[in-house]
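Residue strings, one per chain:
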Amino acid sequence: MTVTSNNGPGSDVEMATDLISVVIDGVEMQVPKGTLVIRAAEKLGIEVPRFCDHPLLDPVAACRACLIEVEGMPKPQPACAQVLGEGMNVKTQYASEIARAAQEGVMEFLLLNHPLDCPVCDKGGECPLQNQAMTVGRPESRFDGDKREFEKPVNVNEQVLLDRERCVSCARCTRFAEQIAGDPSLELLQRGAKQMVGTADDEPFESYYSGNVVQICPVGALTSASYRFRSRPFDLVSVPTACEHCASGCSLRTDYRRGVVTRRLAWDDPEVNEEWNCDKGRFAFAYQTHGRIDSPMVRENGELRVASWPEAIAAAARGLAQARGRVGVLVGGRSTVEDAYAYARFARTSLGSDDIDFRVRQTSDEETAFLAATIAGTAVSVSYDELESAPAVLLVALEPEDESPIVQLRLRKAARRGTKVLSIAAVASEGLAKVDGERVAARPGDEATALRSLEAPVRELLSKPGAVIMVGERAAGSPGTLSAAVELSAATGARLAWVPRRAGERGALDAGALAGLLPGGRPLADAQARDQVAAAWGVAPNDLPANNGRSGDALLAAARDGAIGALLVGGVELSDYADPALAVAAVEEAAFVVSLENHHSAVTERADVVLPVAVVTEKAGTFLNWEGRPRIFGQVFRDALTMSDAKVLSMVAEAMGDSLPGDVRAIRAEMGALGPWSGARFEAPMQAAGSPAEGVVLASWRQLLDSGLMQDAEPHLAATARPTVAIVSARTAQALGDLVTVTGPAGSVTVPVQAGDVLDDVVWLPMNSPGCHIHSELGAVPGSTVRLTSGGAA
């Protein structure tokens, strides 16, 4: 478990610096004032039994399993809630018959109605109740009555199932829901022997973090629908890994059996995700085996056919060599740092091109300049711990609960300690309410104006030491917003952090997978930077592209118009681009397309050569999270035959007469030798705000659980996704009725109406959810003008 400095009666009380002297089991020790008995005992290596206690949750003393004797007190006290005082003499079960008998009695009481499910229980083999029943329980049961029985399982939600008779009312799950996630719909219902976990009025437990209650349940009462009865802990092989779904950078534990991943758990990482993760990171792993491409393919007579690796590699090398100097490279957000580095080097050396971009979303020249000037190659400037201790945090074009869930949890933890959270937005979201946040009203596209006209009290907050400005990737679509954020940071001293949505984006940026930018944040146009990179790559500086290439829509437009002769595409979904029609046209009009992909997609359907590559369980690698912190993970399946993008690119390079490292260790060594850039950087952007849009304006972001490919084949997880609705102001909702048709430049969608805290003349839609894909169906982006029609009429 995570050991925190929050040793007081509540987990939100900071450790005091004053030391006091106490005695535990005859051992004198000094501990900080406010330390709980159970924490002090842990420091001595004394294990006091517990079920309700968790170092990241407020003490509640619900299970009473941790009773100890305190000299001078008339009866045993719960170690998880008893604060140590000066001179206190404590005896645990190892030194006190009173404590031992008390613990034994409580354990016997807890087992009265607990069923003997151990042979079939998912928790069997890793169960605290099993372990502690053996260590502090009676050797034989004296109970000969009938145990309580309930129909089971009960769906707490579609993903979490409850076996009610196993519950010991420890309240871990309810406290997590209320304190950590901010979703207090899970409660202990009824009293006495009938007490059990449930939700009010049989409403589902709606939370992006519901899987955590399964992991922290100490008795197997809460189980996962996707893992239930699938395996036993002693049948599993466990491997520490990192989450590939977003830029939060969670540490995970991946468990597999007979070559198949059976579950993923949050791994203890106090500096990042503590002991939590979101449901997407926990449950969305079936895509790794669903719909995979397992053989290379080449196009012959207009049709793709299976080919051997030598044939496919030769075809890819031949086609790319013919277009050398006129090749565009599109790198998806799933790429590891090592793979992105391989794409960046392959583009510059083997292809002679600087036309490369990792951003499969809405982009802008302003964002390119912002990333190159302030983010690429920089060290960690804002950490999770610093975010948690910040006096104020300003969110700009960022919805953490959907776009970076662990940032949301840290902000909630910070808000409970007094951090002021503000968000420049048109929508006061549920996530903002969970961090006690305050909205600074701005219509989509007007964020730059709002930043430059912040009131004095807000500026004063941001001027306090440790204040943070967090900018999301959607700021790229709001002219002037990134420039205004840089200006505000400089004016107030608040530190600036960029929070992309995808796991691979920050690493791809540092690896140089962006036009005009070499690894480590080095400008392509800088002579010293070119010399350093050329020396590391074993080429002459003049062999590198002479001019900055194209990125974003300019790269796609060049491919569509024939200015680019070939495309190399790795892990890209064309529908994720802000203009999917342009992206499709770019791939269709390119004379030659090579796709490195692990799943069938719109790109593979149109590619001339398809080369299958590994998913995260089949390779080792590194992600950089939004902090810039490396999240290194090993290969889960060491006998996997599928190769990484970097290895496949090295084979293509060899076929082209070039040399490219394909081994993870070699790539890391080469990147390490290059190191960060300490020379002149790009100029920070200085762009004015855009003109305010007229009429009804669209607000949008991608929800955590949506129509993304990496959530495929997870029906239980999909069932917990939030419904597709249009959120408007109460006045607008009253005028529209139950349904609304939202019409954009390219089409319309009809969805239910939901009233919310939204600015008038603004409508919020999910960006990429079932029944609503704003890019492809509306031809719109956040800030676009749309038309609302009541009901289903267009």
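Predicted model, so just to flag it, every value in this text is computed and none were measured.

## Notes on the overall build of the protein chain
At step 1: When helices and strands are tallied, the protein chain shows 26 helices and 37 strands.
At step 2: Radius of gyration (C-alpha) of the protein chain: 28 Å, near the 28 Å computed for a compact globule of 794 residues.
At step 3: With the principal axes as the frame, the protein chain shows a C-alpha extent of 85 × 60 × 55 Å.
At step 4: The buried share of the protein chain, reckoned over its 794 residues, is 61%.
At step 5: Restricting to contacts in the protein chain with at least 6 residues of sequence separation, those with at least 24 account for 71%.
At step 6: In the structure as shown, the protein chain presents an accessible area of about 30100 Å², 51% of it carried by carbon and sulfur atoms.
At step 7: Of the charged side chains in the protein chain, 75 are positive and 103 negative, and the gap between their average positions amounts to 3 Å.

## What to know about empty space enclosed by the protein
At step 1: Evaluation of the coordinates by the stated rule reveals nine cavities of 30 Å³ or more.
At step 2: Approximately 450 Å³ is the volume found for the largest cavity.
At step 3: R474, S700, W701, M767 and P782 are, among the 35 residues lining the largest cavity, the residues nearest its centre.
At step 4: Among the elements of the structure, β19 (420–425), β30 (696–701) and α26 (774–778) are those that each provide at least two residues to the lining of the largest cavity.

## Things to note about the packing of helix α2 (residues 97–111) against helix α3 (residues 128–136)
At step 1: At their nearest, the axes of α2 and α3 sit 10 Å apart, and the two run at 135° to each other. Judged by the angle between their axes, α2 and α3 are oblique. When the axes of α2 and α3 are compared, the crossing they make is left-handed. Each of Q103, E104, M107 and L111 in α2 lies in contact with α3, whose residues at this interface are L129, Q132, A133 and V136.
At step 2: Here the contact of α2 with α3 is composed, by residue class, of five nonpolar, two polar and one charged.

## A few points about the layout of surface pockets
At step 1: Of the pockets and cavities examined, the largest pocket occupies roughly 930 Å³.
At step 2: Considering the residues around the largest pocket, the lining is formed by 36 residues, among which K123, E126, P128, Q215 and I216 are closest to the centre.
At step 3: Elements with a minimum of two residues in the lining of the largest pocket: α3, α5 (211–216), β10 (222–224), β13 (260–266) and α6 (279–283).
At step 4: Of the residues forming the lining of the largest pocket, the biggest block, five residues, is contributed by β13.
At step 5: For the lining of the largest pocket, the residue count by class is 13 nonpolar, ten polar and 13 charged.
At step 6: In terms of domain composition, the lining of the largest pocket takes at least three residues from each of domain 1 (12–112) and domain 2 (118–129 + 139–288).

## What about the sheet that holds strand β7 (residues 160–162)?
At step 1: Strands sit in the order β6-β7-β10 across an open sheet of three strands; the sheet is antiparallel. The two strands at the open ends of the sheet, each matched to only one other strand, are β6 (154–155) and β10.
At step 2: For β6 and β7, the ladder comprises two bridges, and the chain directions are antiparallel. Paired with N155 across the bridge in β7 is L161.

## So, the packing of aromatic side chains
At step 1: A complete count under the given rule lists six aromatic pairs for this structure.
At step 2: An angle of 55° between the planes, with centres 4.9 Å apart, marks the rings of F176 and W276 as tilted. Here F176, found in helix α4 (residues 172–181), pairs with W276, found in the loop between β13 and α6; they are 100 residues apart in sequence, far enough to count as distant. Considered together, F176 and W276 belong to a single accessibility category, that of buried residues.
At step 3: Ring geometry for Y256 against F637: centres 4.8 Å apart, planes inclined by 70°, an arrangement best described as edge-to-face. Of the two residues, Y256 sits in strand β12 (residues 251–257) while F637 sits in the loop between β29 (630–633) and α22 (645–655), which places them 381 residues apart along the sequence. Like Y256, the residue F637 is buried in the burial classification.

## With respect to the environment of F370
At step 1: By the element assignment, F370 lies in helix α9 (residues 365–375).
At step 2: What makes F370 buried here is its relative accessible area of 0%.
At step 3: Along the sequence, F370 and F143 sit 227 residues apart, while their C-alpha atoms lie 69 Å from each other.
At step 4: What F370 contacts, discounting residues up to four positions off in sequence, is I375, L482, V486, L496, W498 and P685.

## Description of the sheet that holds strand β1 (residues 19–24)
In any sheet, the strands associate via hydrogen bonds between backbone groups, in a parallel or an antiparallel arrangement.
At step 1: An order of β2-β1-β5-β3-β4 is seen for the five strands of this open sheet, with the pairing classed as mixed. In the strand order of this sheet, the two ends are held by β2 (27–32) and β4 (77–78), each with one partner.
At step 2: Examined bridge by bridge, strand β3 (residues 67–70) and β4 share two bridges and lie antiparallel to one another. If you follow L67 over to β4, its bridge partner there is P78.
At step 3: Against the sheet, α2 touches β3 and β5 (89–91), its axis set at about 160° to β3.

## Here we look at the nonpolar core
At step 1: Ranked by size, the top nonpolar core spans 91 residues in total, and within it L84, F176, V213, L222, M470 and W626 carry the most contacts.
At step 2: Those residues within four positions of V213 in sequence are excluded, and the remaining contacts are V160, C173, F176, L186, F205 and L222.
At step 3: Of all hydrophobic cores here, the second largest spans 82 residues; its members include A317, V331, A484 and V613.

What counts, and where the lines are drawn
- Residues numbered from 1 in each chain as written.
- Predicted model: local features only at pLDDT ≥ 70, side-chain atom pairs only at ≥ 80, totals over all residues.
- Heavy atoms only, no water.
- Helix = DSSP H or I, 4+ residues; strand = E, 2+ residues; numbered from the N terminus.
- Rg over C-alpha atoms; globule rule 2.2 N^0.38 Å.
- Buried < 20%, exposed > 50% of the residue type's maximum accessible area, 1.4 Å probe, protein only.
- Contact = heavy atoms within 4.5 Å.
- Areas by Shrake-Rupley, 256 points an atom, 1.4 Å probe, with all protein chains shown as cover.
- Lys, Arg positive; Asp, Glu negative; His and termini not counted.
- Charge placed at Lys NZ, Arg CZ, Asp CG, Glu CD.
- 1 Å grid on protein atoms, 1.4 Å probe; cavity = no way out; pocket = protein on both sides within 12 Å on 5 of 7 lines; lining within 4 Å.
- Points joined across faces, edges and corners; volume = space filled by probe spheres on them.
- Axes fitted to C-alpha atoms, helices over the stretch in contact; angles between N-to-C directions.
- Parallel < 35°, antiparallel > 145°, perpendicular 65-115°, else oblique.
- Left-handed = near helix turned anticlockwise from the far one by under 90°.
- Nonpolar A, V, L, I, M, F, W, Y, C, P; charged D, E, K, R; others polar.
- Domains from an automatic or database assignment.
- Pairing = 2+ DSSP bridges.
- Phe/Tyr/Trp six-rings, centres within 6.5 Å; stacked < 30°, edge-to-face > 60°.
- Core = buried A, V, L, I, M, F, W, Y, C linked by side-chain atoms within 4.5 Å.

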